[in-house]
Amino acid sequence: MHQVHPALRQPITAADRVLQEIQRAIVEGDIAAGSKISEPELARRFDLSRAPLREALARLERCHLIERIPNAGARVVTLSTAGLLALYQLRENLEGLACKLAAEHMTDAEITEVRQLLDQHLSSQRVREGESYYQEAGDLDFHYRVILGSKNSYLINILCDELYFLVRMYRVQLGMNGPRVSRAFDEHKAIINAIANRDGELADLLMRRHIAASRRNIELQLQQMGT
């Protein structure tokens, strides 16, 4: 069976619980990008005392969802073209490498599970009709499963912990709707086929192209929004 990264396990402490709730709220835009963080307001909203809230905020800062600005307090990170380019340059290279390693290290059973996951995605009417390709975090996310398949703990920590939720913020708010839905699904199928064929170089190339196309799609939306 596939493993679950600690960042996505069931919450254990109050800080774990509120971390996951605030992560989801930021990623999905319920707490708006660029908005000021009010500790008293969050403490009331999530029914939490100040100490575990501050622990959760420190962890959100480490995964790049909030930033502290001198003399202005903490804010939710802003989605910008410059931020997208910097993040996706890194993502393109590291996820390409993850695919190359997954072609060496994923078991046949893990590959079968990912193929079943894609069948599950296709069973969604909105994916079939090319409207939306929303993937839940963690086990239901194709990229997450392939990264775990690399079996490289350093790569997994960077992509499934430190950068995962910031990448999801761009993907969920700007990248899971519109004309790329059908193409993105087909690209996922081609990537897992290359991994199954143990062709690491092809899997690497296909993932890089896939993420570059996603970046161009999100960049266009950001330009239309004037950011």
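The shown structure was predicted, so the numbers you read here are calculated from the model rather than taken from an experiment.

Rules used in this analysis
Residues numbered from 1 in each chain as written. Predicted model: local features only at pLDDT ≥ 70, side-chain atom pairs only at ≥ 80, totals over all residues. Heavy atoms only, no water. Axes fitted to C-alpha atoms, helices over the stretch in contact; angles between N-to-C directions. Helix = DSSP H or I, 4+ residues; strand = E, 2+ residues; numbered from the N terminus. Parallel < 35°, antiparallel > 145°, perpendicular 65-115°, else oblique. Left-handed = near helix turned anticlockwise from the far one by under 90°. Contact = heavy atoms within 4.5 Å. Nonpolar A, V, L, I, M, F, W, Y, C, P; charged D, E, K, R; others polar. Core = buried A, V, L, I, M, F, W, Y, C linked by side-chain atoms within 4.5 Å. Buried < 20%, exposed > 50% of the residue type's maximum accessible area, 1.4 Å probe, protein only. Phe/Tyr/Trp six-rings, centres within 6.5 Å; stacked < 30°, edge-to-face > 60°. Salt bridge = Lys/Arg side-chain N within 4 Å of Asp/Glu carboxyl O.

**Concerning the packing of helix 7 (residues 142-149) against helix 8 (residues 153-162)**
As a packed pair, helix 7 and helix 8 sit with axes 9 Å apart at the nearest point and diverge in direction by 165 degrees. As summarised for this structure, helix 7 and helix 8 are arranged roughly antiparallel, according to the angle between their axes. By crossing handedness, the relation of helix 7 to helix 8 is classed as left-handed. Where helix 7 abuts helix 8, its residues Tyr144, Ile147 and Leu148 lie against Leu155, Ile156, Leu159 and Cys160. Classifying every residue of the contact of helix 7 with helix 8 gives 7 nonpolar, no polar and no charged.

**What to know about the nonpolar core**
In terms of nonpolar packing, the biggest core is built from 63 residues, with Ile22, Tyr170 and Ile195 touching the most fellow members. When near neighbours in sequence (up to four residues on either side) are disregarded, Ile22 contacts Ile31, Leu42, Phe46, Leu53 and Leu60.

**Comments concerning the packing of aromatic side chains**
Tallied over the full model, the rule gives 3 aromatic pairs. Taking 6.5 Å as the distance between ring centres and 70 degrees as the angle between the ring planes, the aromatic pair formed by Tyr88 and Tyr170 counts as edge-to-face. With Tyr88 in helix 4 (residues 81-105) and Tyr170 in helix 9 (residues 164-175), this pair connects stretches of sequence that are 82 residues apart. An aromatic cluster is built from Tyr144, Tyr164 and Phe165, whose rings are joined through pairwise contacts.

**Focus on the pattern of salt bridges**
Per the counting criterion, the structure on display carries 15 salt bridges. Put simply, Arg59 and Asp16 hold a salt bridge, and the shortest N to O gap is 2.8 Å. With a gap of 43 residues between them, Arg59 in helix 3 (residues 50-62) and Asp16 in helix 1 (residues 14-27) connect regions that are remote in the sequence.

**Re the environment of Arg183**
Note on placement: Arg183 falls in helix 10 (residues 181-196). Exposure remark for Arg183: the relative accessible area of 46% places this residue in the partly exposed category. For the pair formed by Arg183 and Ala213, sequence separation is 30 residues and the distance between their alpha carbons is 9.7 Å.

**Some thoughts on the side chain of Glu95**
Mapped onto the fold, Glu95 is located in helix 4. Glu95 gets classed as buried once you look at its relative accessible area, which sits at 4%. Leave out the neighbours within four places in its chain, and Glu95 touches His143, Ile147, Leu159, Met207 and Ile211.

Remember, this is a structural readout, not a statement about activity or role.
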